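Residue-level structural notes
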Amino acid sequence: MRDILPPESALWNRVDQAARDVFGTFGFAEIRLPIFEQTELFARSVGQETDIVSKEMYSFVDNAVPQLGFLANIITEWPDPLKDDEQFEAYQRYVKDFVSGLERAMAADELSKSPANKNALQNLKDRFETLSGTSLRVEQSKELAKNCVSAIYLAIRVAELGDYLTLRPEATASVVRAYIEHGMQVQPGNVKLYYMGPMFRRERPQKGRYRQFYQIGAEVLGPSDAPGIDAEIIEMLLAFFDRVKLKGAALSINSIGCKQCRPAYIEKLRAELEKVREQLGADSQRRIETNPLRVLDSKLEHEQAIIEKLPRIAENLCAECRAHYEEVKRQLGLRGIAYQENWRLVRGLDYYMRTTFEITATGLGSQNAVCGGGRYDGLVELLGGQATTKGIGFAIGTDRLVLSLQEQGAGETPGGLDVYLAWFGAAAQTAAIGLARRLRDAGFVVELPAAEMKFGKSLGLADRLKARHAVILGDNELAAGVVAVKRLSDGSQQKLAEAELFSYLRAERNP
RNA sequence: GUGAGCGUAGCUCAGCUGGUAGAGCAUCGGUCUGUGGCACCGAGGGUCGCGGGUUCAAACCCCGUCGCUCACCCCA
């Protein structure tokens, strides 16, 4: 958990504003999305077997009956129910409370009497009975108790205690959901949307990575999958990085094929990996089964030579994918965009296909990817929309971008205080309040002391607040109908009428 | 999920073999009631992350726990 404080927050705002400005010129408009969604949405879109869904989501039950949800959490999150008799008994009490709570809630119609709930209740009752008859002291009932506990977990998951919700781990799924829900396919051409805000993943924080992190992203959804769209969204991305003055941004691209050609490639890859299995590390060996593409991502030194000899997807694309990829590259060329082809660039999310890309920045160590994206033509259909709707998008990791900018020395922003309005005496305060309002109306940043201070104190505060000017308003100035304005950098001071003060300050602002 | 390191004032840190909690910076006030940065003097600010244990006595030793940082895994 982390706070973003001034003056650092100013840099964050600059980054957000740059995105709004640049994306706006490409015809993108902002979509504001909810922070949490139905768990189901992410499970389906991101992919059940990905790390995000299998272990990194913050999910919770939005209970119909809060007490039941509380108990369900205790029971299913119980660290080790079979550790000792004391824990075992406590665990049984919780299960008992849960069963009776479930019965009561169903009787009172607080919980639906759906078949799932009835089954769960019956199952829980049976299991609880068996569990009550076991003891941890006897080895064979230990095994029995273990099975009962698994069954209890399952029954609780089956019970419909309320909505399953998840703090969003990414936003593409939400954008697609909104696109379908609001019938945006009737809009002319492709729909171009951008978003920014916090995302959540459950993991151990480290440099540039947080459990609540921020992304700025954009998506193009609609009937066309023209390679020019891929190239333009990349062009926009680079324009953005240019605007925030990120140095050393490097673009990598790849194509990972489609439903037609990728499965065949994966089998080919798997077969080749089997031949060299013994030479690979434990992680890569495991991935031969789970996700062979990820082996290509390995950064282990001794695997590099092996990986270099593996079959490459670019040489195994179907005709359509090959043509699409070639045209993306040509379109990038038309825009004068330099890129690096990286045949090992694969994505961690299931929904990507064809074009994938990544931007890396300097100063981030091994976490050097600052933006990732790609095409996901099947996702809209997967989530229940029109099969003909195509999609492509990217997400910028704002935390890393800001970190990288700071390391490049963009952190310091000059203090914005134009005027410290030092007033002395009750009559001067009245005048100062009016003057402060007119200065602020004109766009100047003004600090107006809330209570009278001694002269030296007041100017001292103006100095420490890093004000550019002190405007002095006391009895003398009031009588003469002027103010004294002092430039704090060199101490020069002059008396001006109000109209002159405004033009003076304007000139000071734009030298 | 795994491994390592660190938690003492707002910040950076000191605090020896256990014996009443310290410094610098910052803040506030004074010297200084019409002119800032300096100097000097003074003040406020701490459940030593939290809980338990050992001890006559714990910031210090032991156990647990929470938090932060870094790395692994993975990704943005």
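Above this note sits the structure.
Here goes a summary of the coordinates provided. (Residues numbered from 1 in each chain as written. Chains lettered and ligands numbered in written order. Predicted model: local features only at pLDDT ≥ 70, side-chain atom pairs only at ≥ 80, totals over all residues. Heavy atoms only, no water.)

With that out of the way, let us pick up the overall build of chain A. If you tally the helices and strands in chain A, you get 20 helices and 16 strands. Its C-alpha atoms give chain A a radius of gyration of 31 Å, more than 25% over the compact-globule value 24 Å for 511 residues. Dimensions of chain A along its principal axes, counting C-alpha atoms only, are 100 × 65 × 50 Å. Partitioning the contacts of chain A with sequence separation of at least 6, the portion at a separation of at least 24 is 71%. (Helix = DSSP H or I, 4+ residues; strand = E, 2+ residues; numbered from the N terminus. Rg over C-alpha atoms; globule rule 2.2 N^0.38 Å. Contact = heavy atoms within 4.5 Å.)

Take the protein's contact with RNA strand B next. In the region of RNA strand B, 44 residues are neighbours, and Arg 209, Arg 287, Arg 294, Glu 477 and Leu 488 sit closest. The sugar-phosphate backbone supplies 52% of the atoms of RNA strand B found within 4 Å of the protein. The separation between a base oxygen of RNA strand B and a polar side-chain atom of Gln 493 is 2.9 Å. Breaking the surface near RNA strand B down by element, the ones donating at least two residues are strand E6 (212-222), helix H11 (282-290), strand E10 (369-375), helix H18 (455-464) and helix H19 (475-480). Per-element accounting of the surface near RNA strand B gives the leading share, seven residues, to H18. (Near = heavy atom within 4 Å. Polar contact = N/O pair within 3.5 Å; in protein donor to acceptor, adjacent residues only side chain to side chain.)

All right, on to the sheet that holds strand E1 (residues 29-30) then. Strand order in the open sheet formed by eight strands is E1-E5-E6-E11-E10-E9-E7-E8, with mixed pairing between adjacent strands. The open sheet has two edge strands with one neighbour each: E1 and strand E8 (340-341). Sheet topology places E10 next to strand E11 (residues 390-397); five bridges connect them, and they run antiparallel. The residue of E11 that forms the bridge with Cys 371 is Ile 396. (Pairing = 2+ DSSP bridges.)

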